[in-house]
Amino acid sequence: MMELPARRLLLVHAHPDDESINNGATMARYAAEGAQVTLVTCTLGERGEVIPPELRHLTGAALGLRRRGELAEAVRALGVGDARLLGGAGRYGDSGMMGIADNADPGCFWQAEVDEAAGCLAEVIVEVRPQVLVTYDDQGGYGHPDHIQAHRVAMRAVELADERGHRIDKVYWNRVPRSVAEAAFARLQDELAASPFGKAATLDDVPGVVDDERITTAVDGTAHAAAKAAAMRAHTTQIEVAEPYFALSNELAQPLFTTEYYELVRGMAEPGESDLFAGLGIEETS
């Protein structure tokens, strides 16, 4: 059996692009430090809204294929060598935004049986044996059905992996502290005129914003800001980047965070924690 790196991180995301927006700097940092970084993406985002006019003809399976290629380019930019699709390519389809008819498609992720999907993820966990897992909170950060389902599947997979002989030491949810978001949006308002974006998003458009006291961990990824921006740019159908801001299909500017924040929900947090592996006694491998 191949020897695994000492530190192993698993991230569970709903669609291609979520990994780069939420955790790009974190992934690039740990990959550069020699940790094994494994990304599991649950759908191909076949129902995403396409930004460039010349690509708006892409829908359904054709868009999913395009976004799969974008994901591959993004993880290369982050230095991540292990990116997987939950259950294999096309196993679970994009569910669309909450409250639309697409949510009822029997092939979409929202309709997936949680234990079945979690079983697929638990197989990955037992194989790569991560000490740390990162995913969304129970609202999926902002209420998208695929994000909520990714949370449910990830948390259930942690339980199933326990039963199969591998315990994950620490589980984190993606977060943004309210004070940081407020300060970033204040800067954005001052700098908006110099950006290519005509309007700014609001705090409500940022997934996972919570009161500061819920933040347990801040991972400084500023040394990997260029890698995160490059990964986001790789998702050409979904993101327009003009550092230090970006916009999605709504064309509303929002901050591109290079320090990324987390709430520990399983395990013990160190005071002022700045490392997802803090307290586990595992040294960097490079």
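Looking up the protein in an unreviewed UniProt entry gives the name 1D-myo-inositol 2-acetamido-2-deoxy-alpha-D-glucopyranoside deacetylase, with the organism given as Streptomyces alanosinicus. According to the UniProt record, the Catalytic activity (unreviewed entry) comment for the protein is "1D-myo-inositol 2-acetamido-2-deoxy-alpha-D-glucopyranoside + H2O = 1D-myo-inositol 2-amino-2-deoxy-alpha-D-glucopyranoside + acetate".

Asks: I tried to follow the overall build of the protein on my own but got confused; where do I start?
Replies: For the protein, the count of helices and strands is six helices and 12 strands. Here the C-alpha coordinates of the protein stretch approximately 50 × 45 × 30 Å along the principal axes. Looking at the 286 residues of the protein, the share that counts as buried comes to 54%. Summing over all exposed atoms, the protein offers an accessible surface of approximately 12200 Å²; the carbon and sulfur share of this is 50%. Distance between charge centres in the protein, computed from 25 positive and 45 negative side chains, equals 3 Å.

Asks: What am I meant to see in the environment of S249 here?
Replies: Mapped onto the secondary structure, S249 falls in the loop between strand 10 (245-247) and strand 11 (252-255). Residues S249 and D169, 80 residues apart in the sequence, show an inter-C-alpha distance of 37 Å. Setting aside its immediate chain neighbours within four residues, S249 contacts E49, I51 and Q238. For S249, the side chain forms a polar contact with the side chain of E49, separated by 2.7 Å.

Asks: What is the right way to look at the UniProt feature "binding site: Zn(2+)" (unreviewed entry) in the protein in this model?
Replies: The sites that carry the UniProt feature "binding site: Zn(2+)" (unreviewed entry) are, in the present numbering, H15, D18 and H147. A compact arrangement is adopted by the annotated residues: their sequence extent is 133 residues, whereas the largest C-alpha distance between any two is 9.5 Å. Assignment of secondary structure puts H15 in the loop between strand 1 (8-13) and helix 1 (18-32). Since its relative accessible area comes to 6%, H15 is described here as buried. Excluding its chain neighbours within four sequence positions, the residues that come into contact with H15 are T41, T43, G45, R67, D94, H144, D146 and H147. Tracing the sequence through the fold places D18 in helix 1. For D18, the contacting residues outside a window of four places in its chain are H13, N23, Y136 and H147. Here H15 takes part through its backbone nitrogen, which lies 2.9 Å from a polar atom of the side chain of D18.

Conventions used here
Numbering of residues starts from 1 in each chain and follows the order in which that chain's sequence is written. Local features in this predicted model are restricted to residues of pLDDT 70 or higher, and side-chain atom pairs are both shown and tallied only at a pLDDT of 80 or more, whereas totals for entire chains, interfaces and linings draw on every residue. Excluded from the side-chain calculation are hydrogens and water; included are all heavy atoms of the structure. UniProt positions are given in the numbering used here, feature names are shortened, and annotations may be inferred rather than shown by experiment. In this description a helix means any DSSP run of H or I spanning at least four residues, a strand means any run of E spanning at least two, and both kinds are numbered starting from the N terminus. Only protein chains enter the calculation, and the probe is 1.4 Å; a residue is then buried if its accessible area is under 20% of its type maximum, exposed if over 50%, and partly exposed in between. For the area figures, the Shrake-Rupley method with a 1.4 Å probe applies, and any residue is considered shielded solely by the protein chains shown. Two residue types count as positive, namely Lys and Arg, and two as negative, namely Asp and Glu; His and chain ends fall outside the count. A charge is said to be at NZ when it belongs to Lys, at CZ for Arg, at CG for Asp and at CD for Glu. Contacts were defined at the residue level, with two residues in contact if any of their heavy atoms lie within 4.5 Å. Definition of a polar contact: a pair of N or O atoms within 3.5 Å, with one able to donate and the other able to accept a hydrogen when the atoms are protein atoms, and with sequence-neighbouring residues admitted only if both atoms are side-chain atoms.

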